[in-house]
There are 6 protein chains.
Amino acid sequence: DFDYALENDVKPAFGRSDESLNRFLARGMILWGPEVTQILDEGRLLAETVKNPESIGFRSLVLAGTEKSGKTSLAAQICKSSDFPFVKVISPEDTVGYSETAKSMALKKAFEDAKRSKLSVLFIDDLERFIDYHPVGPRFSNLVIQTLLVLLKAPPPHGHRLLVIATSPEGSFLRDMGLMRAFGRVIDVPRLSTADQMINVIGESNIYTEDQLQTIEHKLRSFVEGRTFGVGIKDLLELIDSARQCEPEYRVSALLSMIENIALNLF
Amino acid sequence: DFDYALENDVKPAFGRSDESLNRFLARGMILWGPEVTQILDEGRLLAETVKNPESIGFRSLVLAGTEKSGKTSLAAQICKSSDFPFVKVISPEDTVGYSETAKSMALKKAFEDAKRSKLSVLFIDDLERFIDYHPVGPRFSNLVIQTLLVLLKAPPPHGHRLLVIATSPEGSFLRDMGLMRAFGRVIDVPRLSTADQMINVIGESNIYTEDQLQTIEHKLRSFVEGRTFGVGIKDLLELIDSARQCEPEYRVSALLSMIENIALNLF
Amino acid sequence: DFDYALENDVKPAFGRSDESLNRFLARGMILWGPEVTQILDEGRLLAETVKNPESIGFRSLVLAGTEKSGKTSLAAQICKSSDFPFVKVISPEDTVGYSETAKSMALKKAFEDAKRSKLSVLFIDDLERFIDYHPVGPRFSNLVIQTLLVLLKAPPPHGHRLLVIATSPEGSFLRDMGLMRAFGRVIDVPRLSTADQMINVIGESNIYTEDQLQTIEHKLRSFVEGRTFGVGIKDLLELIDSARQCEPEYRVSALLSMIENIALNLF
Amino acid sequence: DFDYALENDVKPAFGRSDESLNRFLARGMILWGPEVTQILDEGRLLAETVKNPESIGFRSLVLAGTEKSGKTSLAAQICKSSDFPFVKVISPEDTVGYSETAKSMALKKAFEDAKRSKLSVLFIDDLERFIDYHPVGPRFSNLVIQTLLVLLKAPPPHGHRLLVIATSPEGSFLRDMGLMRAFGRVIDVPRLSTADQMINVIGESNIYTEDQLQTIEHKLRSFVEGRTFGVGIKDLLELIDSARQCEPEYRVSALLSMIENIALNLF
Amino acid sequence: DFDYALENDVKPAFGRSDESLNRFLARGMILWGPEVTQILDEGRLLAETVKNPESIGFRSLVLAGTEKSGKTSLAAQICKSSDFPFVKVISPEDTVGYSETAKSMALKKAFEDAKRSKLSVLFIDDLERFIDYHPVGPRFSNLVIQTLLVLLKAPPPHGHRLLVIATSPEGSFLRDMGLMRAFGRVIDVPRLSTADQMINVIGESNIYTEDQLQTIEHKLRSFVEGRTFGVGIKDLLELIDSARQCEPEYRVSALLSMIENIALNLF
Amino acid sequence: DFDYALENDVKPAFGRSDESLNRFLARGMILWGPEVTQILDEGRLLAETVKNPESIGFRSLVLAGTEKSGKTSLAAQICKSSDFPFVKVISPEDTVGYSETAKSMALKKAFEDAKRSKLSVLFIDDLERFIDYHPVGPRFSNLVIQTLLVLLKAPPPHGHRLLVIATSPEGSFLRDMGLMRAFGRVIDVPRLSTADQMINVIGESNIYTEDQLQTIEHKLRSFVEGRTFGVGIKDLLELIDSARQCEPEYRVSALLSMIENIALNLF
Ligand SMILES: Nc1ncnc2c1ncn2[C@@H]1O[C@H](COP(=O)(O)OP(=O)(O)OP(=O)(O)O)[C@@H](O)[C@H]1O
Ligand SMILES: Nc1ncnc2c1ncn2[C@@H]1O[C@H](COP(=O)(O)OP(=O)(O)OP(=O)(O)O)[C@@H](O)[C@H]1O
Ligand SMILES: Nc1ncnc2c1ncn2[C@@H]1O[C@H](COP(=O)(O)OP(=O)(O)OP(=O)(O)O)[C@@H](O)[C@H]1O
Ligand SMILES: Nc1ncnc2c1ncn2[C@@H]1O[C@H](COP(=O)(O)OP(=O)(O)OP(=O)(O)O)[C@@H](O)[C@H]1O
Ligand SMILES: Nc1ncnc2c1ncn2[C@@H]1O[C@H](COP(=O)(O)OP(=O)(O)OP(=O)(O)O)[C@@H](O)[C@H]1O
Ligand SMILES: Nc1ncnc2c1ncn2[C@@H]1O[C@H](COP(=O)(O)OP(=O)(O)OP(=O)(O)O)[C@@H](O)[C@H]1O
Ligand SMILES: [Mg+2]
Ligand SMILES: [Mg+2]
Ligand SMILES: [Mg+2]
Ligand SMILES: [Mg+2]
Ligand SMILES: [Mg+2]
Ligand SMILES: [Mg+2]
């Protein structure tokens, strides 16, 4: 059973926080490998450090990884497990089509809101969208980056404690944008890269018989062998969705060919 | 008989949707090869996946191909066949001369409109015009791209289901603009590249005798031989129009020489 | 006698159209070679295609050529001969010093005006000035290009028919600006490049005796020999004007030396 | 006697015109060589062509040359000698610190003013300042260039006649800015490059004795020998001014060393 | 005992100044090596020079160093020890998201405020944020740089005395931005680079036994050997915070591995 | 005795002018070498030329040199010695943080003010700050350069006389910015480069005994030997200020080591 044991989590004092996180967690978490647990553990440790009155009460963390690797869900889970009484969420949907000045102001306000409480976590999803990053050029909003560089350094008022958690593309993005050192900690979110990991997820879908699963595992194993290979968890769940729509007799081959397609496109 | 059997399609609940699509379908579809059916089939499968309550109710598809290859008509046909109760169309004509901010807002509004219904398809024609793409530079509106990147990731409200279908230039455009992975699925729309395919279309025009058609087929076959060659369906229909205007005795040679011109210009 | 037989042309229903074209045609046309007739013929054929109810009632044509080669006059002549009841003219003089937004709006309005009539021709002179083209960079208004790309693809309302005729610099300009495929047809307007062609024009001026003309022809023939050479009709008419001002004894040599200057400057 | 015979010139109908030109002509003209007469003659011929009713009544001319070579004075002299009843002058002083839009509008207005009269000459001094030209980049106002390109092609109303005369840096400037072909005629204004030419000017100053002039001539002759060398007339007059300020015994050597400095700086 | 003897410092006349500095000094200073004392001494000497009525009463100093090396605290300490009656502080938090014009005005106002008193020190933290510096391009606000270049040269009114102290990234930043010579004096703030220096800091934390400290020292010594290595004081204090959170048995190894990580990342 | 004999200077008619110059001259001039006298002499000669009614009453001069070489003081001294009844001063402090349009207008107004009087000198300090020059790019305000290029060519009204004196970085700056030829005369302001020159200045400070001065001279002589070396007068005076603050026994070595530092930094 791979379901992650979230039921022990204490609810935050204000229901509103939970709500804002729950939309990122609606489809549940599958512990497809020890990598997942490790990320969640490290997040929890950092949350505890921030709470410790002997420490500096101001830390930041970014989950960086390729598209559809599960960054947002993992970050939301860490926020939720941190059990801080105040959770502030800001995501690019809140600022669609905003000018860079408006985006900068929205971020400033999110930090101010978070700092007003004694113990807060601030979740910023998809940093690259706030800075309007585009690889051609590259183009990006220097104004928003400057704003982030200042906000990520400015401690909350005396006695207040703040943890900032963000998601972003892989580390090279952070380095190129000059944001690498602005975060106290950078964690890489990996894709699934072994047959075992993928079978863990495919098995959860309940659309294949045990026999079919064994066929899939066998084929995946020989395909993966000797290749660098990776599928994001979000990609894999979409492929399974598409396979479910196929006639039963094609479901195994359809899934396998779609996985291969993704692998070949990306490598 | 190559006429595509659309008469079985159920009309959507609101006539207005039909209307907005019909202007793209006024001149009918010719099934010039299995490529056409395959694209329409894949579109229908994706529409069904979105409808399936076990799946993620939010998917996107882009038809990418060279100019005048029939992208718009094929996309409109998929939208129509999907038989979704709500169809929202946004095309560059709606935003001629708009600033990038206004274009961004128009797209945002189109997504919002589509998300308001329980089951919608949103059709965006000619993505490259919304992002003001120009190959010199290249120039493009990063603001509109950022808007698209956010909107194409932001799921509809709980219980609502949305399929997004767009058209764009060939895949390299999508890759260069950083939009490739923003769509769940990219389908290439091919040009006609064999004598058979072209004869299928030319035959439909009723301006040539059977003898003339055989001459044309023979000449095309020897011309195409050993070349990479391609004519968009929209181009071919225009050439036939011009040939119709010529004196009867020149119609065969006029058409052939115009087809050769296009082939030589482009390769 | 090289005067072009325009007297048979039927006047359009609204005198105003004629007027707007006449200012481009005030100095008359000289049929200096078959190239001229051919361009006018091709224009007339396209106009007929647009009128044919079996065809797509929306076509576009651009006359492309070096400076002062007679593009504007030829395009105006095609418009006039098309005998469409509505002629809309838009030229850069109408938008001197406008912002790119204002230029874009002026073009949009010109298309709208033209589409309001059942059968219209829209004449756009000097495309390069609307897009503020400058070879250093190159600089150009992407906004206006985007506007043109949309307008040249957007068909008139059902039952209305529209022919668009434009002038522009040589084809490489159109290709570089990404406008080449936006027009259904591109015709190159050549310069005069043989002694015969030039004598046809010089003879019309009535400032040289038959003997002088023979001297000029002889000298031109030996000069042109073995060179790629070209003089625009508008240039040549200006040179003749300057020669007329000289003392009679210098008129032959003055004209010849000016023609040589132009040829040497340009090649 | 090198004083240019201007006294025969007929005054224009409106004194105002004369006035606006006179400020450019206050210090008189020295005919330091046949180059000067030739330029003035060519200007006069063009003015006559414009007046001739058989010709196109719209021509343009630009005097191009290095700094301080006398362009403005020569152009003003041509305008004055043309004896047109209306003279419109526009110079960069009129538009100091204007935005490019305001500069563009000022030029448009100048052309409109000039076209309102039946027979006008329009004088535009220092084209490079209207287009805000700077060699680093290069930077320039494309808006103003576009405006010039349109205005220089747009003929005056039927029956009106217009001659445009402008000054600019050397020809390479015009070519790089895409303005070369916008003028019907380009004349190069040379610098003084021989000892004779310079002595013609120095002699006019009345600060040297005949003996001193001979010494200067001798020294200049040996200095110029075998070098490409050039001094603008405006530069030379300034050097003579400075020499006048020196003690009498240093005046010869001071002038010579200043001339050498300029020559060495520039070559 | 490494605590820095600040208790002898005379309080400035206006408590407000103290307050604004204290937030930078809340966590105390550890004299981890003679480098620290030397920087503080040099700062004090400059402050005395400014006070001396025989000297120019206007000097400036910038502390330049890598991230988290302690620049801000050292600069604040110099300001405090200078014992000037007026201390003006301006930091990037005061201008988050400001336009470059607004940032320029804020700096101008800070200088004006400081110049109003007879004897002032002006502290500008993180110069790079005022000029919106980003290494890609590089991008920066030339307007703010121009403002700084003028303000850093404009002496206070007669009889008034002003010391300006700023912090910035390493010297190459100052040189690239053209600010190097704008400051009278540039002092480099080093990172900790020997085991001794680090043990001085780790010992202060009171979380390790003497035995553990000896183990750490031993391991660090062998690790540092033969490498160029550096850890900022602010980094080191954060690592110690994180180690404190670990189970006692892992605290030594956790700290060591984190120090190694930083060293390997940065070199 | 190196004090410059300014006491004979006639005061200008309006005390205000004196005042505006005096702030640049508060700390006196030291004639550290013949270079200084020569610059002042050349300035005075130019002022006399402008006054001479036989000459063109409009000339300009720029003092160009490295940072802190004494440009501003020398220029101010020339203005003062010129003894013109009206002196207009414009310095970057007057336009801190202005937009380029506002800077352009400020310069225009300064010229207008100066031209209103019959005999004026206009002093523009630090040209590079008005044009917002930054070496990266380079960046600069083309608008302000265009304004300067026009203003420096536009003569005062008939009968009025104007001398313009400006300061700027070294000549390469003027050349790169296209301003070199805009000034009638460019004078280079050198740094001190010999031991004698430096001793002249150090001796004036009254902080060293004769013995100490001899030691310094000896050491400088051997240091300078065989090197290209230079210290600006303003730099040197600052170093002497700092040395004064040291304990007596270190004053000689402190000064020498600071001079060496500057020499090594810059070469
Ligand atoms: N172990 C897991 N980690 C992360 N997500 C998981 C895991 N198991 C299941 N999921 C599901 O996978 C999906 C991950 O999507 P998520 O939006 O978090 O990815 P992402 O990397 O943020 O994608 P994007 O690059 O598009 O932002 C969610 O639907 C989530 O419920
Ligand atoms: N099988 C087909 N697929 C697509 N279009 C077809 C087909 N058969 C006939 N047509 C006709 O061909 C034309 C295709 O034009 P359409 O506008 O769809 O092309 P497009 O690729 O979108 O062109 P553009 O690049 O200009 O946007 C339409 O008139 C349509 O009716
Ligand atoms: N056969 C011809 N074709 C075109 N123009 C002709 C012809 N015969 C005479 N002309 C005259 O030559 C001139 C051509 O000028 P026109 O403005 O058409 O050239 P253009 O190529 O548009 O020039 P520009 O590059 O300046 O726009 C007109 O005055 C026209 O009356
Ligand atoms: N033959 C001549 N041609 C031109 N100018 C002459 C001549 N003889 C004397 N001059 C005098 O020389 C000066 C030429 O200056 P002018 O302003 O015309 O030069 P310019 O080339 O326009 O300079 P700039 O490059 O600064 O615009 C005037 O004072 C004019 O009176
Ligand atoms: N000798 C020291 N020098 C500087 N800071 C010290 C010293 N000893 C202890 N500290 C503490 O180390 C921290 C240094 O942080 P500070 O903000 O000054 O670094 P910084 O270089 O300005 O960092 P940043 O690059 O993020 O601006 C402070 O918490 C300070 O109290
Ligand atoms: N011979 C001299 N020439 C110039 N300045 C001198 C001389 N003797 C003494 N000084 C003093 O040296 C200082 C020169 O500073 P000044 O501001 O003129 O230099 P600057 O080159 O303009 O500097 P910056 O590059 O900072 O503008 C002044 O304080 C002046 O009083
Ligand atoms: Mg995400
Ligand atoms: Mg289409
Ligand atoms: Mg034309
Ligand atoms: Mg001039
Ligand atoms: Mg700091
Ligand atoms: Mg100065």
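Residues numbered from 1 in each chain as written. Chains lettered and ligands numbered in written order. Predicted model: local features only at pLDDT ≥ 70, side-chain atom pairs only at ≥ 80, totals over all residues. Heavy atoms only, no water.

A. The arrangement of the site of ligand 1 in detail. Residues in contact with ligand 1 amount to 19 residues; listed here are only the nearest, Ile 30, Gly 70, Thr 72 and Ser 73 of chain A together with Lys 153 of chain B. In this structure, ligand 1 sits where chains A and B come together, each supplying nearby residues. At a separation of 2.7 Å, an oxygen atom of ligand 1 approaches a polar side-chain atom of Lys 71 of chain A. When ligand 1 is considered free in solution it has 630 Å² of accessible area, and contact with the protein chains removes 92% of it. Secondary-structure elements contributing two or more residues to the shell around ligand 1 are helix H3 (71-82) and helix H10 (233-245) of chain A. It is H3 of chain A that provides the largest number of residues to the shell around ligand 1, a total of 4 residues. (Near = heavy atom within 4 Å. Polar contact = N/O pair within 3.5 Å; in protein donor to acceptor, adjacent residues only side chain to side chain. Areas by Shrake-Rupley, 256 points an atom, 1.4 Å probe, with all protein chains shown as cover. Helix = DSSP H or I, 4+ residues; strand = E, 2+ residues; numbered from the N terminus.)

B. Summary view of the arrangement of the chains. Chain D makes no contact with chain B, the minimum C-alpha separation between the two being 17 Å. Nowhere do chain B and chain F come into contact; their C-alpha atoms are at least 19 Å apart. (Contact = heavy atoms within 4.5 Å.)

C. Region of interest: the relation of the copies chain E and chain A. Take chain E, turn it by 60 degrees, move it 0.0 Å along the axis, and it overlays chain A with an RMSD of 0.0 Å. The symmetry that links the two subunits is that of a six-fold axis. The rotation axis passes nearest to the C-alpha of Gly 137 of chain E in chain E, at a distance of 9.6 Å. (Least-squares fit on C-alpha atoms with pLDDT ≥ 70 in both.)

D. Summary view of the interface of chain D and chain F. Counting residues at the interface gives 24 residues for chain D and 27 residues for chain F. Taken together, chain D and chain F are joined by 5 salt bridges. The closest approach of N and O atoms between Arg 244 of chain D and Glu 54 of chain F, which form a salt bridge, is 3.7 Å. Across the contact surface, chain D and chain F share 12 residue pairs in polar contact (both at pLDDT 80 or more). Sorting the residues of the side of chain D that touches chain F by element identifies helix H5 (127-130) and helix H10 (233-245) of chain D as the ones contributing at least two each. Top element by residues in the side of chain D that touches chain F is H10 of chain D. It accounts for 7 residues. When its residues are assigned to classes, the side of chain D that touches chain F shows 6 nonpolar, 4 polar and 14 charged. (Salt bridge = Lys/Arg side-chain N within 4 Å of Asp/Glu carboxyl O. Nonpolar A, V, L, I, M, F, W, Y, C, P; charged D, E, K, R; others polar.)

E. Layout of the nonpolar core. Residues and elements named next belong to chain E. Counting residues in hydrophobic clusters, the biggest one holds 57 residues, and the most contacted among them are Met 198, Ile 202 and Ile 259. Looking at which element gives the most residues to this core, the answer is helix H11 (residues 251-266), with 7 residues. Sequence-distant contacts of Ile 259, that is, excluding residues within four places in its chain, are made with Met 198, Ile 202, Leu 220, Phe 229, Val 231, Leu 236 and Leu 239. (Core = buried A, V, L, I, M, F, W, Y, C linked by side-chain atoms within 4.5 Å. Buried < 20%, exposed > 50% of the residue type's maximum accessible area, 1.4 Å probe, protein only.)

F. Structural detail: the packing of helix H8 (residues 195-203) of chain E against helix H9 (residues 210-224) of chain E. Residue and element names in this part refer to chain E. The contact between H8 and H9 brings their axes to 9 Å, and the two run at 150 degrees. Classified by the angle between their axes, H8 and H9 sit roughly antiparallel to one another. Viewed along their axes, H8 and H9 form a crossing whose handedness is right-handed. Packed against H8, whose contacting residues are Ala 195, Asp 196, Met 198, Ile 199, Ile 202 and Gly 203, the element H9 presents Leu 213, Ile 216, Glu 217, Leu 220, Arg 221 and Val 224 at the interface. Split by residue class, the contact of H8 with H9 holds 8 nonpolar, 1 polar and 3 charged. (Axes fitted to C-alpha atoms, helices over the stretch in contact; angles between N-to-C directions. Parallel < 35°, antiparallel > 145°, perpendicular 65-115°, else oblique. Left-handed = near helix turned anticlockwise from the far one by under 90°.)

G. The sheet that holds strand S3 (residues 119-124) of chain B, seen in detail. Residue and element names in this part refer to chain B. Strand order in the open sheet formed by 5 strands is S2-S3-S4-S1-S5, and the pairing between neighbours is parallel. Two strands in the sheet have a free side with no partner beyond their single neighbour: strand S2 (86-90) and strand S5 (185-189). For this sheet, the mean inter-axis angle between neighbouring strands, taken without regard to orientation, is 15 degrees. As paired strands, strand S1 (residues 58-65) and S5 are joined by 5 bridges and run parallel to one another. Opposite Val 62, over in S5, you have Val 186 as the bridge partner. (Pairing = 2+ DSSP bridges.)

H. Structural view of the packing of aromatic side chains. Counted according to the given criterion, the structure contains 18 aromatic pairs over all chains. Taking 4.9 Å as the distance between ring centres and 85 degrees as the angle between the ring planes, the aromatic pair formed by Tyr 133 of chain F and Phe 173 of chain F counts as edge-to-face. Of this pair, Tyr 133 of chain F sits in the loop between helix H5 (127-130) and helix H6 (142-151) while Phe 173 of chain F is found in helix H7 (residues 171-176), placing the two residues 40 residues apart along the sequence. Residue class for Tyr 133 of chain F comes out buried when judged on its relative accessible area of 18%. Phe 173 of chain F gets classed as buried once you look at its relative accessible area, which sits at 5%. Looking at Arg 139 of chain E, its charged tip hangs above the ring of Phe 140 of chain A, at a distance of 4.0 Å from the centre. (Phe/Tyr/Trp six-rings, centres within 6.5 Å; stacked < 30°, edge-to-face > 60°. Lys NZ or Arg CZ within 6 Å of the ring centre and 35° of its normal.)

I. The arrangement of unusual backbone geometry in detail. In the segment running from Gly 137 of chain E into Pro 138 of chain E, the intervening peptide bond is cis, with an omega of -10 degrees. On the secondary structure map, Pro 138 of chain E appears in the loop between helix H5 (127-130) and helix H6 (142-151). Of note, the phi angle at Asp 126 of chain F is positive, near 55 degrees, even though the residue is not glycine. Here Asp 126 of chain F is to be found in the loop between strand S3 (119-124) and H5. One non-glycine residue, Asn 206 of chain F, lies in the positive phi region at around 60 degrees. With respect to the element layout, Asn 206 of chain F can be found in the loop between helix H8 (195-203) and helix H9 (210-224). Given the relative accessible area of 68%, Asn 206 of chain F is considered exposed.

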